[in-house]
Amino acid sequence: MPLSIAGVTLESRFFLGTAGYPSPLVLEQAIQASGAQVVTVALKRQLPQGAQAGSSASGSQSFFQLIKQSGAHLLPNTAGCHTASEAVALAHMAREVFDTHWIKLEVIGDQYTLQPDPFELVKAATELVKEGFEVFPYCTDDLVTCYRLLDAGCRILMPWGAPIGSGQGLINPYALRTLRDRITDIPLIVDAGIGSPMDAMQAMELGFDAVLLNSAVSNAHDPVLMAEAFRLAIDGGRKAWQAGIMAEQDMAVATTPVTGRPFVL
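Residues numbered from 1 in each chain as written. Predicted model: local features only at pLDDT ≥ 70, side-chain atom pairs only at ≥ 80, totals over all residues. Heavy atoms only, no water.

**Here's the deal with the overall build of the chain**
Piece 1. What the chain contains, in helices and strands, is ten helices and ten strands.
Piece 2. Over its C-alpha atoms the chain spans a radius of gyration of 20 Å, differing by no more than 12% from the 18 Å that the globule rule assigns to 265 residues.
Piece 3. Every one of the 265 residues in the chain was classed for burial, and the buried ones make up 49%.
Piece 4. A separation of at least 24 residues holds for 66% of the contacts in the chain among residues at least 6 apart in sequence.
Piece 5. Carbon and sulfur atoms make up 54% of the accessible area of the chain, which amounts to about 13400 Å² in all.
Piece 6. Each charge class in the chain was averaged separately, 17 positive and 26 negative side chains, and the resulting centres sit 5 Å apart. (Helix = DSSP H or I, 4+ residues; strand = E, 2+ residues; numbered from the N terminus. Rg over C-alpha atoms; globule rule 2.2 N^0.38 Å. Buried < 20%, exposed > 50% of the residue type's maximum accessible area, 1.4 Å probe, protein only. Contact = heavy atoms within 4.5 Å. Areas by Shrake-Rupley, 256 points an atom, 1.4 Å probe, with all protein chains shown as cover. Lys, Arg positive; Asp, Glu negative; His and termini not counted. Charge placed at Lys NZ, Arg CZ, Asp CG, Glu CD.)

Now the structure itself:
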C-alpha cells in the first residue's frame, strides 16, 4: 500500500539524504537505485557563506538541478541550527529557494551527540506550522516530546534510531515500539543512526512508515549497491510487518505435532 504523507502519495518508503557522496554521478545513481521519492538537503551546506536566497553558486545550482531531474520530492532541512529563531529563519529561506512548504526541522541541543533540543524544537515547530509549513520534526524517541510536537500541529514525526551518523542502529527498540503503539494515526519515520539494511528492516518490522538515512549509503564502499540493499530491506520489513511476525516464545515449540503415529490418515 502506498504511503500518504503531507498530501502526497509515495510508492517508496525510503527517504534518502544527499550529503557526502563521492561524486554527483554516484549520488544520482544511488537515488535511482534506492527508488527514493523524497530526498533531503541541508540549505546551510549548499549556499556559499554569506549568500542570500536565490543567489547560490553554480555548483549548488547544478546540485539542485540533479535533484530536480531525479523526480524526487525535495525535503530541505535546518541542519546546523541551535535555536528556534535560527531554524525558523532558515526554513523561510528554504521555502523561497526550493518553492516548497516542506521542512525537516532540526534544532540541535548538544554538539557532541547532536541530540535535538526538545524545547527549541517544539517552539520552532509551533511557529512554522502557524506559518503554513509542513513540519517534519527530527526528534528523539521520547514519547512526551512527541506528544508536544503533535500538539504544535505536526502531522509527521521523525524520531531518531541513534545519534546522527553513528551507525548504531536502533539503540532503544522499546521506546520506538512504544511510540508506534501509542501514536497510530500519523506517519512515523525513523531518522538518524541507521547503519545497515538490517537496522532499516527492523524499523519497518516495528510498524514504522518509512526510514530516512544518509551516511549508511554515502559512506559505503559502493553507495549505489548499498542504496539498492536498503531498498530491498525496507520493502521486506514492511511486508513482514503486514504479514504478521510470529511471537517470540520462551521455550521450544514443536513445529510438527506428535501424534504417536507416523502418518495421520
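Back to the write-up after that little detour.
**Topic: helix H6 (residues 143-151)**
Piece 1. Taken as a whole, H6 has its buried residues at Leu143, Thr145, Cys146 and Leu149. Taken end-on, H6 shows its buried residues confined to a sector of 160 degrees, consistent with a single buried face.
Piece 2. Buried residues along H6 sit in contact with helix H5 (118-130), strand S7 (134-139) and helix H7 (173-182).
Piece 3. Of the residues trailing H6, glycine 153 is marked for its positive phi of about 110 degrees. (Arc of directions from axis to C-beta.)

**A word on the nonpolar core**
Piece 1. With 63 residues, the main nonpolar core has Leu16, Leu105, Leu213 and Val217 as its most contacted residues.
Piece 2. In terms of residue count, the dominant contributor to this core is helix H4 (residues 84-98) (seven residues).
Piece 3. Setting aside anything within four residues of it in sequence, one finds leucine 16 in contact with Tyr21, Ala30, Ile31, Ser34, Ala36, Val38, Val39, Thr40, Leu213 and Val217.
Piece 4. In terms of nonpolar packing, the next biggest core, distinct from the first, is built from 15 residues, Ile5, Val8, Ile189 and Ala210 among them. (Core = buried A, V, L, I, M, F, W, Y, C linked by side-chain atoms within 4.5 Å.)

**Observations concerning helix H1 (residues 24-34)**
Piece 1. Val26, Leu27, Ala30, Ile31, Ala33 and Ser34 are the residues of H1 that are buried. An end-on view of H1 places all buried positions within 165 degrees of arc, on one side of the element. In H1, the exposed positions that point more than 90 degrees away from the buried face belong to Pro24 and Gln32.
Piece 2. Looking one or two residues beyond H1, the residue adopting positive phi is glycine 35, at roughly 75 degrees.

**Examining the packing of H5 against H6**
Piece 1. Running from N to C, H5 and H6 point in directions that differ by 15 degrees, and their axes come no closer than 9 Å. For the element pair H5 / H6, the angle class is roughly parallel. Two packed elements cross with a definite hand, and for H5 against H6 that hand is right-handed. Contacts between H5 and H6 involve Pro118, Leu121, Val122 and Ala125 from the former and Thr145, Arg148 and Leu149 from the latter.
Piece 2. Classifying every residue of the contact of H5 with H6 by side-chain character gives five nonpolar, one polar and one charged. (Axes fitted to C-alpha atoms, helices over the stretch in contact; angles between N-to-C directions. Parallel < 35°, antiparallel > 145°, perpendicular 65-115°, else oblique. Left-handed = near helix turned anticlockwise from the far one by under 90°. Nonpolar A, V, L, I, M, F, W, Y, C, P; charged D, E, K, R; others polar.)

**Here's the deal with the pairing of strand S6 (residues 102-105)**
Piece 1. Burial along S6 is two-sided: the residues Trp102 and Lys104 and Ile103 and Leu105 are all buried.
Piece 2. One ladder, built from four bridges, connects S6 with S7; its direction is parallel. When the sheet's bridge partners are listed, leucine 105 is paired in S7 with proline 137. (Pairing = 2+ DSSP bridges.)

**Some details on the pattern of salt bridges**
Piece 1. The final tally for this structure, using the stated rule, is six salt bridges.
Piece 2. Here glutamate 106 and lysine 104 are joined by a salt bridge, their closest N and O atoms 3.1 Å apart. Side by side, glutamate 106 and lysine 104 carry an identical accessibility label, which is buried.
Piece 3. Look at the salt bridges and you will find they share partners, linking Lys104, Glu106 and Asp191 into a network. (Salt bridge = Lys/Arg side-chain N within 4 Å of Asp/Glu carboxyl O.)

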